[in-house]
Amino acid sequence: MNLDDLDSLQHDGLQRFAAATGLDALKAIEIEVLGKNARLTEFNKGLGSVAADERKAAGARINATRQALTHALASRRIELAAQERRVRLEAERMDLTEVIATTHQGHVHLITRTTQDLEDIFVGMGFQVFEGPEAETDWYNFEALNFPPGHPARTMHDTFQLELGEPGSVVLRTHTSPTQLRVMQQMKPPIYAVMPGRCYRRDTPDARHLPTFHQIEALVIDKGITLGHLAGTIDTFIAAYFGRNDLRTRLRPSYFPFTEPSAEFDITCPFCGGSGCRVCGRSGWIELGGCGMVHPTVLRNGGIDPEEYTGFAWGFGIDRLAMNRHNLEDLRDLLDNDVRLLRQF
Ligand code: DAH
């Protein structure tokens with residue numbers, strides 16, 4: 001065993017590591033240079049036959065060679081790994097700016113967009129947005145809103161009953177008004193909230209009715225709230241939604257069990273500007289929804305003291321609003337999912 005060969009062995013090993021072009025190649029070279037059958041390993045095996053007084057020095061030299069090679073191997077491995085990663089990332093890079101001319105870009109449905117537009121307007125006016133469940137208990141949908149069992153106003157809501165719990169105790173909500181109660185239970189006044197969502201009634205579909213439709217409810221509860229605030233808020237929102245100042249709004253006395261006084265609100269027909277046309281049935285007005293001052297019983301049911309606070313509420317159909325703004329003739333078109341129609345909005 002000639003220890004001077006170690007120098008050339010080391011030199012040769014270092015060169016081979018440096019020349020390796022990838023991690024797999026490096027692994028193969030490692031086996032040849034440092035493995036069980038490597039020449040360097042032969043030196044270790046040969047130590048036994050070295051004279052005892054030289055054995056320690058010989059062992060140290062062999063180990064130094066092995067260490068130098070092992071270090072060089074480790075740093076070359078790091079280099080090659082980084083290089084392979086760079087190559088891989090480059091190959092996997094995606095050009096996200098690429099436009100494929102043949103794909104059609106989708107967009108949200110007209111009803112979703114109308115809802116989002118409405119939310120934006122109300123958030124801009126300082127309102128918060130809440131959502132309530134579509135399956136509601138009879139208490140939230142009717143009783144807490146001052147429709148006791150057997151109340152005649154219940155028959156105006158053709159209700160889908162769910163087979164859940166006691167018969168008649170869970171329904172598909174017939175309006176978004178039950179969410180008023182959920183908001184009152186969730187936060188203390190002042191409350192400035194809107195609550196959009198899907199509602200259900202057993203209506204036969206026609207051009208202006210669908211068994212599933214959308215409403216947006218508003219609820220304002222604070223000290224000293226009056227009917228004047230209700231009228232002013234409706235005016236402001238109509239001007240913002242239609243983007244014009246020539247539309248007027250009016251309140252007509254009406255009845256809802258959960259408001260006192262109650263009204264229906266109409267807006268100037270946006271198509272004829274009030275002179276009367278086919279869309280508004282020649283009246284010049286379009287009916288939008290119901291509103292009123294929140295009934296003291298409802299405030300109490302929501303845990304709010306009617307001596308301290310007053311409030312107003314309204315609810316109107318989002319589908320009808322979209323229909324009026326976009327001159328749609330038939331609400332059913334919104335559910336047919338014919339892209340030729342939907343794509344226009
Ligand atoms: N929930 C009523 C309906 O669907 C509409 C309504 C009327 C909502 C008066 C209100 C309100 O908040 O105050 O017919």
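Parameters and conventions
Residues numbered from 1 in each chain as written. Predicted model: local features only at pLDDT ≥ 70, side-chain atom pairs only at ≥ 80, totals over all residues. Heavy atoms only, no water. 1 Å grid on protein atoms, 1.4 Å probe; cavity = no way out; pocket = protein on both sides within 12 Å on 5 of 7 lines; lining within 4 Å. Points joined across faces, edges and corners; volume = space filled by probe spheres on them. Helix = DSSP H or I, 4+ residues; strand = E, 2+ residues; numbered from the N terminus. Nonpolar A, V, L, I, M, F, W, Y, C, P; charged D, E, K, R; others polar. Salt bridge = Lys/Arg side-chain N within 4 Å of Asp/Glu carboxyl O. Buried < 20%, exposed > 50% of the residue type's maximum accessible area, 1.4 Å probe, protein only. Pairing = 2+ DSSP bridges. Contact = heavy atoms within 4.5 Å. Axes fitted to C-alpha atoms, helices over the stretch in contact; angles between N-to-C directions. Disulfide = S-S within 2.5 Å. Near = heavy atom within 4 Å. Polar contact = N/O pair within 3.5 Å; in protein donor to acceptor, adjacent residues only side chain to side chain. Areas by Shrake-Rupley, 256 points an atom, 1.4 Å probe, with all protein chains shown as cover. Sits in = over half its atoms within 2 Å of the grid points.

Let us look at the layout of surface pockets. Its volume calculated, the largest pocket comes out at about 980 Å³. Forming the walls of the largest pocket are 41 residues, and the residues nearest its centre are Arg 201, Gln 215, Glu 287, Gly 289 and Arg 320. Sorting the residues of the lining of the largest pocket by element identifies β5 (212–222), β6 (249–256), β7 (259–268), β8 (285–294), β9 (310–317) and α10 (318–326) as the ones contributing at least two each. Per-element accounting of the lining of the largest pocket gives the leading share, 7 residues, to β8. By residue class, the composition of the lining of the largest pocket is 17 nonpolar, 12 polar and 12 charged. When its volume is computed, the second largest pocket comes out at roughly 360 Å³. What lines the second largest pocket is a set of 21 residues, among which Ile 111, Thr 112, Thr 115, Arg 198 and His 214 lie closest to the centre. A per-class count over the lining of the second largest pocket returns 6 nonpolar, 9 polar and 6 charged.

A few words on the pattern of salt bridges. For the structure shown, the criterion picks out 20 salt bridges. Note that Glu 42 and Lys 45 form a salt bridge whose closest N and O atoms lie 3.9 Å from each other. In this pair, Glu 42 and Lys 45 are both assigned in helix α3 (residues 39–46), 3 residues apart and thus about one turn of the helix distant. Judged by relative accessible area, which is 44%, Glu 42 ranks as partly exposed. Note that Glu 136 and Arg 182 form a salt bridge whose closest N and O atoms lie 2.8 Å from each other. Here Glu 136 is found in strand β2 (residues 135–137), whereas its partner Arg 182 is found in helix α7 (residues 178–186), with 46 residues between them in sequence. Relative accessible area serves as the criterion here: at 1%, Glu 136 is assigned to the buried category. Overlapping salt bridges bring together Arg 250, Arg 252, Asp 266 and Glu 287 as one network.

Ordered by their spatial adjacency, 7 strands build an open sheet running β1-β4-β5-β9-β8-β7-β6, and the pairing between neighbours is mixed. Since the sheet does not close on itself, it has two edges, and those belong to β1 (128–129) and β6, each with one partner. Helix-sheet contacts for helix α8 (residues 227–242) involve β6, β7, β8 and β9, and the interaxial angle to β9 is about 35 degrees.

So, about the state of the cysteines. A full pass over the atoms with the stated rule returns 0 disulfides. Unpaired in terms of disulfides, Cys 199 finds its nearest cysteine sulfur in Cys 291, a separation of 17 Å. Left without a disulfide partner, Cys 280 is nearest to the cysteine sulfur of Cys 272, which lies 3.7 Å away.

So, on to the site of the ligand. Near the ligand lie 15 residues; those nearest to it are His 175, Ser 177, Arg 201, Gln 215 and Glu 217. Separating a nitrogen atom of the ligand from a side-chain N or O atom of Ser 177 is a distance of 2.9 Å. Contact between the ligand and Ala 313: an oxygen atom at 3.2 Å from a main-chain N or O atom of the residue. Out of a free accessible area of 360 Å², the ligand has 92% covered by protein chains. The pocket occupied by the ligand, as judged from atoms lying within 2 Å of grid points, is the largest pocket. At the level of secondary structure, the elements contributing two or more residues to the shell around the ligand comprise β5, β8 and β9. Class assignment of the residues belonging to the shell around the ligand gives a composition of 5 nonpolar, 8 polar and 2 charged.

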